[in-house]
Amino acid sequence: MVQLSGKKIFNGIAIGKIKFYARTENKVTREKIEDTAAEFARYEAARDTAIEQLNELYEKAVATVGEDNAEIFNVHAMMLEDDDYNDSIQNIINTQGVNAEYAVAVTGDNFADMFANMDDDYFKARSADVKDISERVVRVLTGAEDNNEIGDEPVIIVADDLAPSETVQMDKSKLLSFVTQQGSANSHTAILARTMGIPALIGVEIDASWNGKIGIVDGYEGKFIVDPEMEILQGYFKKKEADDEQKKLLLELKGKENVTKSGQKINLYANIGSPNDLGSVLENDAGGIGLFRSEFLYLESSTYPTEEEQFAAYKKVVETMGGRKVIIRTLDIGADKQVDYFDLDKEENPALGFRAIRICLTRPEIFRTQLRALYRASAYGNLAIMYPMIISLEEVQEIKAISKSVREELKAEGIAIGDNVEEGIMIETPAAVIIADELAKEVDFFSVGTNDLTQYTLAIDRQNAKLDRFYNAHHPAILKMLKMIADSAHKAGIWAGICGELGADTELTQYFLEIGMDELSVSPGCILPVRKLVREAE
Amino acid sequence: MKSFEYTVTDPVGIHARPAGLLAKEAKKYPDTITITKGEKSAGAAKLMALMGLGVKQGETVTVTIEGESEDATYEAIKAFFEANL
């Protein structure tokens, strides 16, 4: 068994036979030619044939991968008509008195180098296009055949690199995945994999001896396993089954409303930990982001992230989500998420210690920097701010005074901020539940952090396996608290949701609907299964 | 000779597709159309050279039109840039 890693292009699992795709090299030799005019005419005829082929490919590609992806073949045809390209070939044939194949190959290499040396990834990737068209002309000139027969069995294509003209001619029903050594995330092969919705990896060190062996492509983890052990193979069959099920759900439920049979609606949002998760948020059709943990900015940095760094990250997320709501939770460091440069003292009991909003209110300079970045980003979309670990009314009032002064400061500096940026709190302490009616008058929404709320209410540390028999995620105390929270919110005219793990617990979806929760924020992959239950509920 | 400056708004810049469209468009006119970015220039009818400029979103290029019908071509090319790039 061999396990390699690569850059993932598209999520998914593929299991199947490996087909090692080796391109037959068109060996071009340099030969002396007497009649250069006739040789150039021979080139022109071959070029015209190549253009005809490309036009046919275009038609074929429109039917299989759509007009946008097919457009590349029109561009290829135009590249062959390019004056500079043709002048170069004519010039080499005339001045050196050499054969057309050689002139095309040299010209192709020169132009490919020009693109390969550009500093932008997109233009770099165009180098493959120039090589592709030049090889096509050489093939026509030498009468060589295209070799992209896949065979009858579905396969994982493993290749050094794949040209767009090669991938488009492959029988799509036989393609399980692409694994290539070269190529970029902008290459046409990558775009094609995304369009076809098949897992693909690039940057994998390939080996021709794998041909015919069983391979597993894990597009989630960026892993490629050749010749897997039985146990691993079985594990992946299960994973693939779950993945297929999820994809089926996706197709059926994408774009559908989260509404019960009797017309009750609930918002299904996604929890994310960094802007890298946005792809799966959109893929799983989240209505918004219910919890964006801002900690990644602090955890990935070796010093306090600047206002600009934070602003850029928040702006990216709200912009990507279009007008959809993005709830960003302020710093929740401390306890289990230690960061060196915060220089926090070691604590006996970090879960009950100096963390989250307690740090923010003790060191307002850190808090203000984050709030400035958040309010600046609010001008670019639908942003809401959420404060964690609240236990008292005074805390909320103090926070609101700070956020108000930040807004005024930004306005005085002439910096745009969003209108009516919602401010809400996490309900994750029993204290906050008991005074929820008072807190509700001060904020725009509640979001229940069920992980901490359960741990604080049951006095059980989730990390301690010995306590498993005492732990009950559906403890009646928790369920009653959820109802109290929803009732207090609604009485004050604000909305309530859940952003803890319990929100994705499909055994409770019915209960959440009954108590009138307005929103559930779950990990992206859980949105559609929950949507399914909501739509089945009365 | 007439010219105008244009800031590219297409997210990928003057990439293959719009460069192809531009080259095709430029061939319709008898005038010489040149695109300049910094010290590099390319004929608008030349696809590879255009892509070789590597123009990205937000970058400004100078478009120069020279020839007998430059006034009419100027208007048409300007409209083309605004619609496609």
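Residues numbered from 1 in each chain as written. Chains lettered and ligands numbered in written order. Predicted model: local features only at pLDDT ≥ 70, side-chain atom pairs only at ≥ 80, totals over all residues. Heavy atoms only, no water.

## Here we look at a negative patch on the surface
Right, so step 1: Taken together, Asp340(A), Asp343(A), Asp345(A) and Glu347(A) make up a surface patch of like negative charges.
Right, so step 2: For Glu347(A), the location among the structural elements is in the loop between strand S11 (325–329) and helix H13 (357–362). (Patch = residues over 30% accessible without salt bridge, like charges linked within 9 Å, V, L, I, M, F, W, Y side chains within 5 Å. Areas by Shrake-Rupley, 256 points an atom, 1.4 Å probe, with all protein chains shown as cover. Salt bridge = Lys/Arg side-chain N within 4 Å of Asp/Glu carboxyl O. Lys, Arg positive; Asp, Glu negative; His and termini not counted. Charge placed at Lys NZ, Arg CZ, Asp CG, Glu CD. Helix = DSSP H or I, 4+ residues; strand = E, 2+ residues; numbered from the N terminus.)

## Digging into helix H18 (residues 450–458) of chain A
Residue and element names in this part refer to chain A.
Right, so step 1: Within H18, seven of the nine residues are buried, which leaves the element mostly enclosed by the surrounding structure.
Right, so step 2: Those residues of H18 that sit buried are Thr 450, Asp 452, Leu 453, Thr 454, Gln 455, Tyr 456 and Leu 458.
Right, so step 3: Where H18 is buried, its residues meet strand S13 (423–427), helix H16 (430–434), strand S14 (445–448), helix H19 (476–491) and strand S15 (495–498).
Right, so step 4: Directly beyond the C-terminal end of H18, a positive phi value near 55° is found at Ala 459. (Buried < 20%, exposed > 50% of the residue type's maximum accessible area, 1.4 Å probe, protein only. Contact = heavy atoms within 4.5 Å.)

## So, the sheet that holds strand S9 (residues 267–272) of chain A
All names here are of chain A.
Right, so step 1: Taken together, the eight strands give a closed barrel; going around it, the order is S9-S10-S11-S12-S13-S14-S15-S16, and neighbouring strands pair in parallel fashion. Across this sheet, the average inter-strand angle for adjacent strands is 30°, counted without regard to direction.
Right, so step 2: The pairing of strand S12 (residues 382–387) with S13 spans three bridges and is classified as parallel. Bridge pairing in S13 links Tyr 387 to Ile 425.
Right, so step 3: Docked against the sheet, helix H15 (residues 393–412) engages S12 and S13, running at close to 150° with respect to S13. (Pairing = 2+ DSSP bridges. Axes fitted to C-alpha atoms, helices over the stretch in contact; angles between N-to-C directions.)

## Here's the deal with the packing of aromatic side chains
Residue and element names in this part refer to chain A.
Right, so step 1: This model, assessed by the stated rule, comprises 17 aromatic pairs over all chains.
Right, so step 2: When the ring of Phe 292 is compared with that of Phe 296, the centres are 5.7 Å apart and the planes differ by 25°; the resulting orientation is stacked.
Right, so step 3: Relative accessible area serves as the criterion here: at 0%, Phe 292 is assigned to the buried category.
Right, so step 4: Residue Phe 296 is classed as buried on the basis of its relative accessible area, which comes to 11%.
Right, so step 5: Above the plane of the ring of Tyr 380 lies Lys 315, whose end atom (NZ or CZ) is 4.9 Å from the centre.
Right, so step 6: Between Arg 376 and the ring centre of Phe 311, over which it is positioned, the NZ or CZ distance is 4.1 Å. (Phe/Tyr/Trp six-rings, centres within 6.5 Å; stacked < 30°, edge-to-face > 60°. Lys NZ or Arg CZ within 6 Å of the ring centre and 35° of its normal.)

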